[in-house]
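Letter by letter, the chains look like this.
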Amino acid sequence: MEFRFTIALIYDFDGTLAPGNMQEYDFIPAVGKSNKEFWTEANTLAEEQDADMVLTYMARMLQEAKSKGLSLRREAFQDSGRRVTLYKGVKEWFARINAYGAAHGIRILHYINSSGMKEIIEGTQIAHEFRKIYACSFLYDVDGIAYWPAVAVNYTNKTQFIFKINKGIESVYDSERINEFIEEEKRPVQFRHMIYFDDGTTDIPCMKLVKQQGGHSIAVYNPRSRQKRQTMEQLIRDNRVSYICAADYSPDKEIDTLVRTIIDKIHADDRLSKFYRKTEP
């Protein structure tokens, strides 16, 4: 099937597709820590050393796993991902939205843009749904053992991956093509054809970037948390996001209806733009 254009759905992972942080399902219990202990130690280290909190949590993962004799192979992290619980409806979400887009002649691509662990996400039951997973990852030695951060994704450098998606660059390493000039209309995924999903304040730069460039940003919240909904409502009042929705991806729920409506709007805008170009002198 030949598609007329592409819409990118870009997701944070923790709190957006799954409740909580992915390390809390298996890794942190395996090292004998409570969630509070692990994150407090990582954040305290960042404060004491004036360091990036993403790098310090990755350092604590390596230190704790070594001290407890746990495997630091990629396969061990992926196995941890198999224990991650997803929000309601997530597993069936991708095929349904892909089919809705295809019915309009639109290709739907899904991306992860997360400060969580790429290796853990690779082990989840939805990993195959994503065109690319942009997330933190480790370097591995000749024996396949993690020893150093390869990619650290924090709340500000996440924006680089929005531009990579915009220009069709899937390599994290490639830093040259990102600076090449390409007319917006000729880019593989135009900003106005992006829908960004996140669960709160850590992704404000990405959500605001997509919104300012004509795309759509959706802040999702755990349906069981009234406090989280109130936080999301403040983002609306501050004009930082386009919409807020409960994190239930089941058919005809709020987020499903909203995304289908956005696809309808993008489709209609594309058709209208062709009429506009016909009337240009």
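Residues numbered from 1 in each chain as written. Predicted model: local features only at pLDDT ≥ 70, side-chain atom pairs only at ≥ 80, totals over all residues. Heavy atoms only, no water.

## Observations regarding the overall build of the protein
Test applied: Only DSSP runs of H or I reaching four residues or more are called helices, and only runs of E reaching two or more are called strands; each is numbered from the N terminus. Radius of gyration: C-alpha atoms only; globule rule: 2.2 Å multiplied by the number of residues to the exponent 0.38. Burial classes: relative accessible area under 20% of the type maximum marks a residue as buried, over 50% as exposed, and values in between as partly exposed (1.4 Å probe, protein chains only). By the convention used here, residues are in contact when the closest approach between their heavy atoms is within 4.5 Å. In this description, accessible areas are obtained by the Shrake-Rupley approach with a 1.4 Å probe, and a residue is regarded as covered only by the protein chains that are shown.
Broken down by element type, the protein carries ten helices and seven strands. A globule of 281 residues ought to have a C-alpha radius of gyration of about 19 Å, and the protein, at 20 Å, matches this closely. Viewed in the frame of its principal axes, the protein has a C-alpha envelope of about 70 × 45 × 35 Å. Burial analysis of the protein (281 residues in total) assigns 47% to the buried set. Sequence separation of at least 24 residues holds for 63% of the intrachain contacts in the protein that already meet a minimum separation of 6. Just so you have it, the protein exposes about 14,100 Å², and 49% of that area is on carbon and sulfur atoms.

## Digging into the nonpolar core
Inside soluble globular proteins, nonpolar side chains tend to come together where they are buried. The line we're drawing: Buried Ala, Val, Leu, Ile, Met, Phe, Trp, Tyr and Cys residues form a nonpolar core when they are joined through side-chain atoms within 4.5 Å.
Leu9, Phe13, Trp93 and Val259 are the most contacted members of the largest nonpolar core, which has 81 residues in total. Apart from the residues within four sequence positions on either side, Val259 is in contact with Leu9, Trp93, Ile97, Ile195, Phe197 and Ile218.

## Points about the pattern of salt bridges
We apply this condition: We define a salt bridge as a side-chain nitrogen of Lys or Arg found within 4 Å of a carboxyl oxygen belonging to Asp or Glu.
Scanning the entire structure with this criterion turns up 20 salt bridges. Between Arg177 and Asp174 there is a salt bridge whose closest N-O contact spans 3.8 Å. Two residues, Arg187 and Glu184, come together in a salt bridge whose shortest N-O distance is 3.5 Å. Looking at Arg187, the relative accessible area reads 16%, which means it is buried.

## Considerations on the pairing of strand S3 (residues 132–140)
As a reminder of what qualifies: A pair of strands is labelled paired if DSSP reports no fewer than 2 bridges between them.
Summarising burial for S3: seven of the nine residues are buried, a large majority. Note that strand S2 (residues 106–117) and S3 share four bridges and pair parallel. In the sheet register, Tyr111 faces S3, and the bridge partner there is Lys132. Bridging between S3 and strand S4 (residues 146–151) involves four bridges; their strand directions are antiparallel. Counterpart to Phe138 in the pairing with S4 is Pro149. Taken together, S3 and the strand that follows it, S4, pair antiparallel across an intervening segment of five residues, in which Gly144 is found at a positive phi of about 80°.

## Points about the packing of helix H7 (residues 159–167) against helix H8 (residues 204–212)
The angle between the axes and the distance between the axes are what describe a pair of packed helices. Definition in use: Lines fitted to the C-alpha atoms define the axes, with helices restricted to the stretch that makes contact. Angles between their N-to-C directions range from 0 to 180 degrees. Residues are grouped as follows: Ala, Val, Leu, Ile, Met, Phe, Trp, Tyr, Cys and Pro are nonpolar; Asp, Glu, Lys and Arg are charged; every other residue, Gly included, is polar.
Their axes nearest at 9 Å, the elements H7 and H8 cross at an angle of 35°. Facing H7, whose interface residues are Thr159, Ile162 and Phe163, H8 presents Pro205, Cys206, Leu209 and Val210. Residues belonging to the contact of H7 with H8 are distributed by class as follows: six nonpolar, one polar and no charged.

Keep in mind that these numbers describe shape and distance, not what the molecule does.
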